[in-house]
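# Per-entry structural report
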Amino acid sequence: MRTTTIFLTSLLAALLACGEPRSVPRPAAPRIEQIASPAEGIFANAYLIETTDGVVVVDAMLRVSDADALRARIAALGKPLLGVLLTHGHPDHYNGAAIVTAGRDVPVIATREVDRVIRADDAAKEKQWKPMFGDQWPAPRAFPSRLVGDGEVVRLGGLSFRAHVVGPAESHSDSYWTIDGLPVAFVGDLVFSGTHSYITDGHTTAWLAALERLAMAFPAEVTLYPGHGKPGGAELIGAERRYLERLRVVVRRLSPNGAPLGDAAKAELVAELARLEPGLTLDFLVGLGADAVARELAADPR
Ligand SMILES: [Zn+2]
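Residues numbered from 1 in each chain as written. Predicted model: local features only at pLDDT ≥ 70, side-chain atom pairs only at ≥ 80, totals over all residues.

Counting 78 residues, the largest nonpolar core has Val57, Ala60, Leu70, Val84 and Leu190 as the members making the most contacts within it. Of the residues that make up this core, three or more belong to each of domain 1 (24–188) and domain 2 (191–302). Aside from chain neighbours lying at most four places away, what touches alanine 60 is Ala46, Ala67, Leu70, Val84, His93, Tyr94, Asn95, Gly96, Ala97 and Val100. (Core = buried A, V, L, I, M, F, W, Y, C linked by C-beta atoms within 7 Å. Buried ≥ 20, exposed ≤ 12 C-beta atoms within 10 Å, placed from the backbone. Domains from an automatic or database assignment. Contact = placed C-beta atoms within 7 Å.)

Shown next as structure tokens:
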């Protein structure tokens, strides 16, 4: 009997030691709604997770009008907003947080690393993009008000939202969120779905490694909620890996020394990707980030 007790105690300790609880009671599945911005808002997604007690939002859109629409949708549900979770520190995911939370005592929650990126880059991003977006660039913007670490759980609306730190990948520091007991993951821009990828931060090597880890992290039946484009299954991870591998091959060929590509080479890169990965939108992202990837590959010639 004692042996059995010790065995069970050890087993329990081993299970608890894992970052992911193995036997979490499956909570009542919340309703998850995708709010997608139009092309002018670069198809950025936010997600509403509606529980019996209220609404949790993942990411907060780029433009004023898209954040206004998100706020209106929350209001239409007639339930309190409980929190805003951010996946990463790019403006198309946090810009609208101030609009969504205005007048409410609601936390904006992110990992410490994501918070650091937002605070470090916010002014430069505004300088770069406000001339293009004008009045659609939100001011003021809200920075995270509650910070979490890797594996930390935030309880909202009776659900356990778990933060996962990824490190540099699509941005200088990515994270994703899961809900304990449910096969869902809000992966931000770790995968793009039906669009080209933002590659300007130049971490494609680390991104590919992160995708390899992600592929093993989720159950087969997982639904991934991406930062752009339609939700899908685990196949989105394989598609993103293939896209980045193909992109890197063409960039290496066009810029073997890491030199900037020039307009003709960028056009060739876009055309080649259109041939290899037909039907993707947002092809301006390719030219925008090509030089960063060329530099990255030249510095890491593998
Ligand atoms: Zn994005």
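This part covers helix α9 (residues 284–299). Taking the largest bend as the criterion, α9 deviates by roughly 45 degrees, centred on alanine 290. Buried-residue contacts for α9 involve α6 (204–217), α7 (235–254) and α8 (262–276). (Bend = angle between axes of the 7 residues up to and from the residue. Helix = DSSP H or I, 4+ residues; strand = E, 2+ residues; numbered from the N terminus.)

For the rest of this paragraph, the subject is the domain arrangement of the protein chain. Structurally, the protein chain comprises domain 1 (24–188) and domain 2 (191–302). Each of domain 1 and domain 2 has a C-alpha centre, and the two are 23 Å apart. On the domain 2 side, the residues contacting the 22 residues of domain 1 number 22 residues. At the level of secondary structure, the elements contributing two or more residues to the side of domain 1 that touches domain 2 comprise β2 (45–50), β8 (159–167) and β10 (184–188).

Moving on to α8. Over its 15 residues, α8 extends 21 Å from the first C-alpha to the last, a length consistent with the 21 Å expected when each residue adds 1.5 Å. Every buried residue belonging to α8 is among Ala265, Leu269 and Leu273, and all of these are buried. An end-on view of α8 places all buried positions within 75 degrees of arc, on one side of the element. Opposite the packed face of α8, turned more than 90 degrees from it, sit the exposed residues Asp263, Ala264 and Arg275. Tucked into the core, α8 has its buried residues touching α7 and α9. (Expected span 1.5 Å × (residues − 1). Arc of directions from axis to C-beta.)

A cis amide bond, omega 0 degrees, links alanine 139 with the succeeding residue proline 140. When you line up the elements, proline 140 lands in the loop between α5 (112–133) and β6 (146–148). Positioned with a positive phi, methionine 61 is a non-glycine residue whose angle comes to about 75 degrees. Structurally, methionine 61 is set in the loop between β3 (55–58) and α2 (64–77). Taking the number of C-beta atoms within 10 Å as the measure of exposure, methionine 61 has 31 and is therefore buried. Notably, leucine 282 is not glycine yet its phi reads approximately 60 degrees, a positive angle. Tracing the sequence through the fold places leucine 282 in the loop between α8 and α9.

Our next topic: the environment of valine 187. Secondary-structure assignment places valine 187 in strand β10. On the basis of neighbour counts, which here come to 31 C-beta atoms within 10 Å, the residue valine 187 falls in the buried class. It is 26 Å that separates the C-alpha atoms of valine 187 and valine 251, two residues lying 64 residues apart in sequence.

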